[in-house]
Each structure stands twice: as C-alpha cells, then as structure tokens.
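Each chain is listed here by its residues.
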Amino acid sequence: MNVYDGERMAELMAAQGLTAAADAGSADLVVLNTCHIREKATEKVYSDIGRLRKHGKDPMIAVAGCVAQAEGEEIVRRAKVDVVVGPQAYHNLPQLVADAAAGKAALDTDMPIASKFGALPRRRKVGPSAFLTVQEGCDKFCTYCVVPYTRGAEVSRPFAAIVDEAKALVDAGAREITLLGQNVNAWDDAEGTGLHGLIAALDRIEGLARIRYTTSHPNDMREGLIRAHAEVEKLMPFLHLPVQSGSDRVLKAMNRSHSRDSYLRILDRVRAARPDIALSGDFIVGFPGETDAEFEATLSLVDAVGYAQCFSFKYSPRPGTPAADMADQIAAEVMDERLQRLQASLNRHQAAFNAATAGRTCPVLIERTGKLPGQMLGKSPWLQSVHLLTDAKIGDLIDVEIVRADPNSLSGVQRARVAA
Ligand code: 5AD
Ligand code: SF4
C-alpha cells in the first residue's frame, strides 16, 4: 500500500511540475513514505533523515505515512524535517510543500471525512502490474497492531471510482491489477456487492488480463469470494491470508477472532474451489506469553497448510497497543531462535511448492528486463518470479515451460504467446 501511496504522491508532485530525481542526493524535495508496523521500520526513518542531512544539498524533507501519523510533531522535535503528512492527508502534499517553502509550519495528520482519493490526479503511465487501493483502515484491533490507530477506521472506496481507476490503469498500460486494502476482502458498498462483485466488474474490463487482491482477514472470507476463485478466470490462483499463530490461546490473546481450526476450514473451502491455489500468510513469533508448545503449534500449522510463500516477523511491541503492556514479553534470543526455525520451515515449503511447478507450462506476465542480455523477468499465476530468455516485451503475456525451480524463482522457456 505504501508503494501505491508513493506513486500517487509522485503523480501529485508531477502535476506541480516536479520531475523525479535520479537519487536522493540530487533531489530538492525528498518524501519519506514511512511504515510504523514494527519498531525497526520506524527507526529507519530517523536514520534516513540523518543520512539525507549529511549530504551537501540539504533538500526539503517531507515525512509521510504511518510514522508521520503516529509521531506527528515529535518528528519535527527529533529531526530537522519540513513537512509531516499522514496517510489520509497526502492529497494536501503540494500545499504543505508550498507552506514549508514560505517558512510556515506544514503538518497535517487529519483523518478527514471526505476521502483523499477524489482530490488525486488521474493515473499516468504505469507498468504492466499495477496496484489499486480499494479499502483502507482496520476495525479489527488485533492487540499487537498499530494499523487501526495510524490508518484509521475501515473505509471502502466507492465501486464506480474504483472501476474508473481500474480502466484508467489499463489505458495507462496495466495488464494486471492488484486490489489493495488492509482488509481488502472486507470491501463492500451499500448494495452489498462485496469484493467478489468488484472482481466481477474488473473481469469485464477489456485488456485487463489478471486480477489479484491483498491483504485479507480470515473472518471476511465470504462464500462469493471463494467461489470467484473457481469461476473468474482472470482472478489469479493466489491467496494471502495471514494467520499469525497456530495456537488458539495466542490467537485469542491477539484478538484475532478466528481459531486455528476455523482458519484451516476456510483454506479447505478455498482449495476445493481452486485446487492449485498458492497460499501465503503472515506470522508473528514471540507474542507475549508464547510458550514453546504454542510455538510448536505454529510450526504444525505451517506443515498442515503447505504454504507457497510467507512473511514472518518477530513480535515488536508498539506504543499504545494492548499487547505492549502485557506480562511475559519474550526474550530476544528466544524470538530469534523461533523465527529462524519458522523461516527454515517456510523456506522448505516454498522450495517444495516451486519444485512442483517444474515441468509445467503456464502463462507468464513479463514485467521487466533481467540482468543478462535477452533475459526478461515475469510472474507466474502463482506469483512466482520467472526468468527466461525471450524477445517478448514488457507487458506481454506468454506461455512458458518451467524448466528449473529454485527456492526463490523459476527458469523457463517460451512456448507461445497468449492471446490478450
Ligand atoms: N510486531 C510484529 N509483526 C507485526 N505485524 C503487525 N504488527 C506487528 C507487530 N507489532 C505483522 C503481522 C501483519 C503484518 C502486516 O505485519 O503479521 O499481518
Ligand atoms: Fe492489524 Fe491486520 Fe489485525 Fe487490522 S486485521 S489490526 S491491520 S493485523
């Protein structure tokens, strides 16, 4: 989502006549779009500011994103920055930059009722795979998570605005659209269209070849969306469905409002609809009070699911969240060891999933050039990176036989061009 927000801010500033600098050292304005989800991400912004200030040019610095939202004026106190703008206020970035240039205070962390999206310029040229934010914020309040505080309440963008933006993206060169939201599968409108209804509308856009969506919550996995995985050809066989832990005691303490079993039952239904689906998830190790046995339950869930790929993190206490004040915070060494074991297991599953693709022929969307002459990089339907030697162009969808599977990518040979 930060990539999407970054693109929209770049478009806003381009409309003011600014062009992209080759690197931060030659820029007049640097916008740091920040993440507050874990402490490490938050600290990064302060080291980045320090590095920028050391260079000779001394650019104007704007801090955007969730660190801006959470820390507000604290950032101005801690570091020399010119603009602070939260994730729901970035449509005001040009005005804030103008204010800062005039020597005025430039801080906006409002969460206005009217959405920022209406105030953004039309999409310009994009790559073959584009993001489209359809839903923002979260009402789930998992006890470890800052998102409900930094991004605000769950809000769905209107159906017509999304379909318009999707068409604009396709006109601008997109062949694949990934619908984004903190709880994207909670997207809905007054008519109860649901994410599957939105996907059906995108399915009708000529020139659009692939649809994806991320991130979903288990409790919002409605029957219509599961059915869409069986019925909508453009909907790619990939589901990112975070579970966080395999232990019911920990899930309850996290306020996840699903159990290990209810999660596994959802995946059974998804697999029944789309047997080849690639599954992905998020995990947190070392949540306060997590015992060895509870961690083992996470490992056994990983084996039960057989994920194609995953993200996994050490628990990071975030200011203002209930879990930060819980007893039994887990020692750093214990978290390190658990993360290593979990990631070793996830890597084995990913390698096995990739290995199972070898020998198959599948459509690959070419996204960029590779390092070797004539080499191109693209994505399989299951979101694996595929490299191959081809004269196909960026944006082409070609049939590729997978001849080699490595743990992190696949190599292929072109078989045919797929009709649009
Ligand atoms: N510590 C560690 N990981 C976290 N996540 C969210 N909050 C925290 C935290 N405090 C992870 C979750 C979520 C992903 C986006 O980030 O796994 O799904
Ligand atoms: Fe955070 Fe996701 Fe939980 Fe919402 S559902 S509070 S975004 S982890």
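Quick notes on the rules
Counting starts from 1 at the beginning of each chain's written sequence and moves along it residue by residue. Note on labels: chains are lettered from A, ligands numbered from 1, in written order. Selection of residues for local features in this predicted model requires a pLDDT of at least 70, selection of side-chain atom pairs for listing and counting requires 80 or more, and totals for whole chains, interfaces and linings are taken over all residues. To get the side-chain values, take all heavy atoms of the structure and skip hydrogens and water. A simple rule labels every residue: compare its accessible area, found with a 1.4 Å probe on the protein chains alone, to the largest value its type can have, and call it buried under 20%, exposed over 50%, or partly exposed in between. Each helix is a run of H or I in the DSSP string that is no shorter than four residues. Each strand is a run of E no shorter than two, and both are numbered from the N terminus. Residue contacts are defined here by distance: any two heavy atoms, one from each residue, within 4.5 Å place the two residues in contact. What we call a nonpolar core is a set of buried Ala, Val, Leu, Ile, Met, Phe, Trp, Tyr and Cys residues that are connected through their side-chain atoms within 4.5 Å. UniProt positions are given in the numbering used here, feature names are shortened, and annotations may be inferred rather than shown by experiment. Two aromatic rings, drawn from Phe, Tyr or Trp (for Trp, its six-membered ring), form a pair once their centres lie within 6.5 Å of each other, and the interplanar angle then sorts them: stacked below 30 degrees, edge-to-face above 60, tilted otherwise. Charge-over-ring contacts are defined here by two conditions on Lys NZ or Arg CZ: a distance within 6 Å of the ring centre and an angle within 35 degrees of the ring normal. Distances are taken per atom, and a residue is near a molecule or strand as soon as one of its heavy atoms is within 4 Å of it. Counted as a polar contact is a pair of N or O atoms within 3.5 Å, where, for protein atoms, one must be capable of donating a hydrogen and the other of accepting one, and residues adjacent in sequence contribute only when both atoms are in side chains. Values of accessible area rely on a 1.4 Å probe in the Shrake-Rupley scheme; residue burial ignores everything except the protein chains shown. Three residue categories are used. Nonpolar comprises Ala, Val, Leu, Ile, Met, Phe, Trp, Tyr, Cys and Pro, charged comprises Asp, Glu, Lys and Arg, and polar comprises the others, including Gly. All the domain ranges listed were derived from an automatic or database domain assignment. For any pair of parts, buried area is found by adding up, for both, the accessible area (1.4 Å probe) each one loses once the two are put together. One side-chain nitrogen of Lys or Arg within 4 Å of one carboxyl oxygen of Asp or Glu is enough to make a salt bridge.

Caption draft 1: Local environment of helix H8 (residues 194-203). Counting buried positions over the 10 residues of H8 gives seven, a clear majority of the element. Here H8 has its buried residues at Gly194, Leu195, Gly197, Leu198, Ile199, Ala201 and Leu202. For H8, the secondary structure elements touched by its buried residues are helix H7 (159-171), strand S8 (176-180), strand S9 (210-214) and helix H9 (223-231).

Caption draft 2: The nonpolar core, seen in detail. The biggest cluster of nonpolar side chains holds 52 residues, and the ones touching the most others in it are Ile177, Leu179, Tyr213 and Tyr307. The residues touching Tyr307, leaving out its near neighbours within four places in the chain, are Val243, Tyr263, Leu279, Ser280, Gly281, Phe283, Leu301, Val302, Leu346, His349, Gln350 and Phe353. Judged by nonpolar contacts, the second largest core, of 20 residues, contains Tyr4, Met13, Tyr90 and Leu96.

Caption draft 3: The arrangement of the UniProt feature "domain: Radical SAM core" (unreviewed entry) in the chain in detail. Following the UniProt record, the feature "domain: Radical SAM core" (unreviewed entry) maps to residues 124-352 here. Helix makes up 40% of residues 124-352 and strand 16%, and the two end C-alpha atoms of the span are 39 Å apart.

Caption draft 4: Region of interest: the side chain of Thr143. Note on placement: Thr143 falls in the loop between strand S6 (135-136) and helix H6 (147-150). Setting aside residues up to four positions removed in sequence, Thr143 forms contacts with Ala253, Met254, Asn255, Phe287, Thr321, Pro322, Ala323 and Met326.

Caption draft 5: Geometry of the UniProt feature "binding site: [4Fe-4S] cluster" (unreviewed entry) in the chain. The feature "binding site: [4Fe-4S] cluster" (unreviewed entry), as annotated in UniProt, sits at Cys138, Cys142 and Cys145 in this numbering. Relative to the elements of secondary structure, Cys142 occurs in the loop between S6 and H6. Sequence-distant contacts of Cys142, that is, excluding residues within four places in its chain, are made with Met254, Asn255 and Arg256. A relative accessible area of 15% places Cys145 in the buried class. When near neighbours in sequence (up to four residues on either side) are disregarded, Cys145 contacts Ile37 and Thr321.

Caption draft 6: Looking closely at the packing of aromatic side chains. For the coordinates displayed, the defined rule picks out six aromatic pairs. With a centroid separation of 6.4 Å and 85° between ring planes, the pair formed by Tyr144 and Phe287 is classed as edge-to-face. Note that Tyr144 is positioned in the loop between S6 and H6 and Phe287 in the loop between strand S11 (278-285) and helix H12 (292-305), a separation of 143 residues in sequence. A relative accessible area of 10% means that Tyr144 is categorised as buried. The class of Phe287 is buried, set by a relative accessible area of 0%. Here Phe283 and Tyr307 contribute two aromatic rings whose centre-to-centre distance is 5.5 Å and whose plane-to-plane angle is 90°, an arrangement assigned as edge-to-face. With Phe283 in strand S11 and Tyr307 in the loop between H12 and strand S12 (309-314), this pair connects stretches of sequence that are 24 residues apart. One exposure class covers both Phe283 and Tyr307, and it is buried. By the ring-pair criterion, three or more aromatic residues cluster together here, those being Tyr144, Phe287 and Tyr315. One cation-aromatic arrangement involves Arg38 over Phe313; the distance from NZ or CZ to the ring centre is 3.6 Å. Lying across the ring of Phe117, Arg157 places its NZ or CZ 3.9 Å from the centre.

Caption draft 7: Quick look at the site of ligand 1. As a matter of local geometry, ligand 1 sits amid Ile37, Arg38, Tyr144, Gln244, Asp282, Ile284, Phe313, Lys314, Tyr315, Ser316 and Arg318. Tyr144 is positioned such that a nitrogen or oxygen atom in its backbone is 3.0 Å from a nitrogen atom of ligand 1. Between ligand 1 and Ser316 there is a distance of 2.8 Å, counted from a nitrogen atom to a backbone nitrogen or oxygen. Protein burial of ligand 1: of its 400 Å² of free accessible surface, 86% is covered by the chains. Sorting the residues of the shell around ligand 1 by element identifies S11 and S12 as the ones contributing at least two each. Grouping the amino acids of the shell around ligand 1 by side-chain chemistry returns five nonpolar, two polar and four charged.

Caption draft 8: Spotlight on the domain arrangement of the chain. Parsing the chain into structural domains produces domain 1 (2-14 + 28-112), domain 2 (114-357) and domain 3 (361-419). For domain 1 versus domain 2, the separation of C-alpha centres amounts to 27 Å. Contacts between the two partners involve 24 residues from domain 1 and, on the opposite side, 27 residues from domain 2. When domain 1 packs against domain 2, the two sides together hide about 2300 Å² of surface, and 55% of this comes from carbon and sulfur. Contact with domain 2 buries surface across domain 1, with Tyr4, Arg8 and Glu11 losing the most and accounting together for 28% of the total. If you look at where domain 1 meets domain 2, you find four salt bridges. In this structure, Arg151 engages Asp5 in a salt bridge whose closest nitrogen and oxygen atoms are separated by 3.0 Å. Secondary structure elements with two or more residues in the side of domain 1 that touches domain 2: helix H1 (2-15), helix H2 (39-54) and helix H3 (66-71). Top element by residues in the side of domain 1 that touches domain 2 is H1. It accounts for 10 residues. When the residues that make up the side of domain 1 that touches domain 2 are grouped by side-chain class, the tally is 12 nonpolar, six polar and six charged.

Caption draft 9: Layout of the side chain of Ser247. In this fold, Ser247 is placed in the loop between strand S10 (238-240) and helix H10 (248-253). The exposure class assigned to Ser247 is buried, which follows from its relative accessible area of 5%. For Ser247, the side chain forms a polar contact with the main-chain nitrogen of Val250, separated by 3.1 Å. Setting aside anything within four residues of it in sequence, one finds Ser247 in contact with Glu294, Ala297 and Thr298.

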